[in-house]
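These are the residues of each chain, in order.
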Amino acid sequence: MKMRTPLLRWFTRFLLFLLIVQFSTSAFGQSYQSFLSTLEQISKLRKFKFGPFWIFPTFQLKDIGYDGNVYYQQEEDEQISDFTGTLSPGVSVYFLFRNRLLLSLTENPEYVFYFEQKRERRLNNTFSPEFKYLFLNRFVISGGYLDSNRRRRATSEFDVRANERVKGYTGRFFYETARKTSFGLSGAIRKISYEDIMLPDEEIYLARALNRKEKSGHLEVYYRVFSESFFFVKAGYTDYEFEHAQSSWRDSSSYQVYTGMRFPLLGRLRGTLSLGYKRLNPRTGGRTGFSGLVGSSDLDFRFWRLAIRLNYDRNCHFSYWTNNIFFNEDRYGAGISLYIMKSIRVDYNLTYAEAHYPEPMSVPVPDGSYEEITREDIYRVHSTGLVFRVIKDIGLGMAVSFWERDSNYFWENRRRMFIGGYVTYEF
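Because the structure is predicted, anything quoted here is derived from the model rather than measured. (Residues numbered from 1 in each chain as written. Predicted model: local features only at pLDDT ≥ 70, side-chain atom pairs only at ≥ 80, totals over all residues. Heavy atoms only, no water.)

Asks: Outline the packing of aromatic side chains, listing residues and values.
Replies: Taken as a whole and assessed by the stated rule, the structure comprises 29 aromatic pairs. Here the aromatic rings of Y145 and Y169 are separated by 5.0 Å at their centres, their planes lie at 45°, and the arrangement is tilted. One end of the pair, Y145, is in strand β6 (residues 139-152); the other, Y169, is in strand β7 (residues 162-176), with 24 residues separating them in the sequence. Ring plane angle 70° and centroid distance 5.0 Å describe the contact between Y240 and F318, whose orientation is recorded as edge-to-face. Of this pair, Y240 sits in strand β12 (residues 230-242) while F318 sits in strand β16 (residues 306-318); the two residues are 78 residues apart in sequence, bridging distant segments of the chain. Just as Y240 is buried, F318 falls in that class too. Joined through ring pairs, the aromatic side chains of Y133, F135, F139, F173, Y175 and F183 make up one cluster. (Phe/Tyr/Trp six-rings, centres within 6.5 Å; stacked < 30°, edge-to-face > 60°. Helix = DSSP H or I, 4+ residues; strand = E, 2+ residues; numbered from the N terminus. Buried < 20%, exposed > 50% of the residue type's maximum accessible area, 1.4 Å probe, protein only.)

Asks: Explain empty space enclosed by the protein to me, using residue names and the numbers behind them.
Replies: Inspection of the entire model under this criterion finds 1 cavity of 30 Å³ or more. By volume, the largest cavity amounts to about 40 Å³. Taken together, Y32, Q33, S34, S37, K180, S182, Y222, F230 and R262 form the lining of the largest cavity. Split into classes, the residues belonging to the lining of the largest cavity amount to 3 nonpolar, 4 polar and 2 charged. (1 Å grid on protein atoms, 1.4 Å probe; cavity = no way out; pocket = protein on both sides within 12 Å on 5 of 7 lines; lining within 4 Å. Points joined across faces, edges and corners; volume = space filled by probe spheres on them. Nonpolar A, V, L, I, M, F, W, Y, C, P; charged D, E, K, R; others polar.)

Asks: Let's hear about the nonpolar core: which residues, and what values?
Replies: Membership of the largest hydrophobic core comes to 56 residues, with the highest contact counts inside it found for F158, Y194, I197, L206, L210 and Y320. Of all the elements, β12 adds the most residues to this core, at 4 residues. Leave out the neighbours within four places in its chain, and L206 touches F158, A162, Y194, E195, D196, I197, N211 and Y320. (Core = buried A, V, L, I, M, F, W, Y, C linked by side-chain atoms within 4.5 Å. Contact = heavy atoms within 4.5 Å.)

Asks: Describe the pairing of strand β8 (residues 182-194), with residues and values.
Replies: Here 13 bridges tie β7 to β8, and the two strands are oriented antiparallel to one another. Note on β8: the bridge partner recorded for G168 is R190. What sits between β7 and β8 in their antiparallel hairpin is a turn of 5 residues, with K180 showing a positive phi close to 75°. (Pairing = 2+ DSSP bridges.)

Asks: Outline a positive patch on the surface, supporting the account with residue identities and numerical values.
Replies: Among the surface-exposed residues, K167, K191, K213 and K215 lie close enough to one another that they form a single positively charged patch. Tracing the backbone shows K191 in strand β8. (Patch = residues over 30% accessible without salt bridge, like charges linked within 9 Å, V, L, I, M, F, W, Y side chains within 5 Å. Areas by Shrake-Rupley, 256 points an atom, 1.4 Å probe, with all protein chains shown as cover. Salt bridge = Lys/Arg side-chain N within 4 Å of Asp/Glu carboxyl O. Lys, Arg positive; Asp, Glu negative; His and termini not counted. Charge placed at Lys NZ, Arg CZ, Asp CG, Glu CD.)

Asks: Tell me about the pattern of salt bridges, and name the residues and values.
Replies: A full pass over the atoms with the stated rule returns 31 salt bridges. Across the pair E412 and R375 runs a salt bridge, and its minimum N-O distance is 3.9 Å. Residue E412 is located in the loop between β22 (394-407) and β23 (414-424), and its partner R375 is located in the loop between β20 (370-373) and β21 (376-391); the two are separated by 37 residues in the primary sequence. Exposure class is identical for E412 and R375. Each is buried. Here the residues in one salt-bridge network are D159, R375, D377, R405, E412 and R414, joined through shared partners.

Next up, the structure:
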């Protein structure tokens, strides 16, 4: 028993670190965490300290299984299926100097393997150094760099995975109180680049349509309501400048304001509740812009033997399709997990989404003529799974998921099934 206790503690700390890393990655350039909160979270993992450095390795196995429609092809086409798996090790290193300067470095290579489809084999990588400097006990200057090179479906519009390269810098100047309440200014510059997709029966010039530079500035306020829960307001401006002359008509700017609650990484209620307003203004006259509600919420509530998940996302995304600058998408999700035994869990998740394109387009119809439509898509994703506990909060899972898209542009109707396994650190 004495030998098992240190092992269990190691896995508990490992789980906590995975949650921190996932939160930090998704929040790059979007959410602020105080200097004190960062130190408190890292200090819980001090068992991994090596000299002046805190070194935390991670390891993930996911999407191991059978993909029934690798390229999201139509049912009328000869759909390509294959066996796949993703291996994702990583490491983060922290260095604290005199409790004032915190340096961090995160490196996350990821290898995606397909048995037959060699095009889909890919070594992805995310590299992100950051710093935080505390002075006069209240002011914090921080900055970071992100270099992400991955093959993925950037939005729901992508049927085929494409290489996406994101390079960016972010900087912040904040005032923090002893209660961890903070407010300040942030700015970011990102350059986003894509590859053109060249398949035997399909050519999509993503680089020409979507390569761009984004510059943004925000005012952010985080007010601590409970011990680790924060009310926040974030308001700012973003400028979008497209790289190629053929896409200069997509150049735009936007104003946005978000407000909501951020809940602790660990606890019965976790995640973020966020709603706001956004206005996207194209620079080219006569082009349709976007104005309205936006949101990005992801909540997880646990009680008794149940875990309930709710998420909502609404935003506009740049489109590579014909004459539309963007499409706006509403995505709703719900899930439930039931622990039928201490070592067995059953999962079910449902996602429903609607995508709307603001400007009409001319499309071919089966009789050879053309008609003008305003494209609308509906997405449904059902997934169910069974997870077995291995040790502490680590489990092995098996899942089946069904993805479908129904569109009023019939060429875009698609179906996909995936059967696979994964390792989870949140049993």
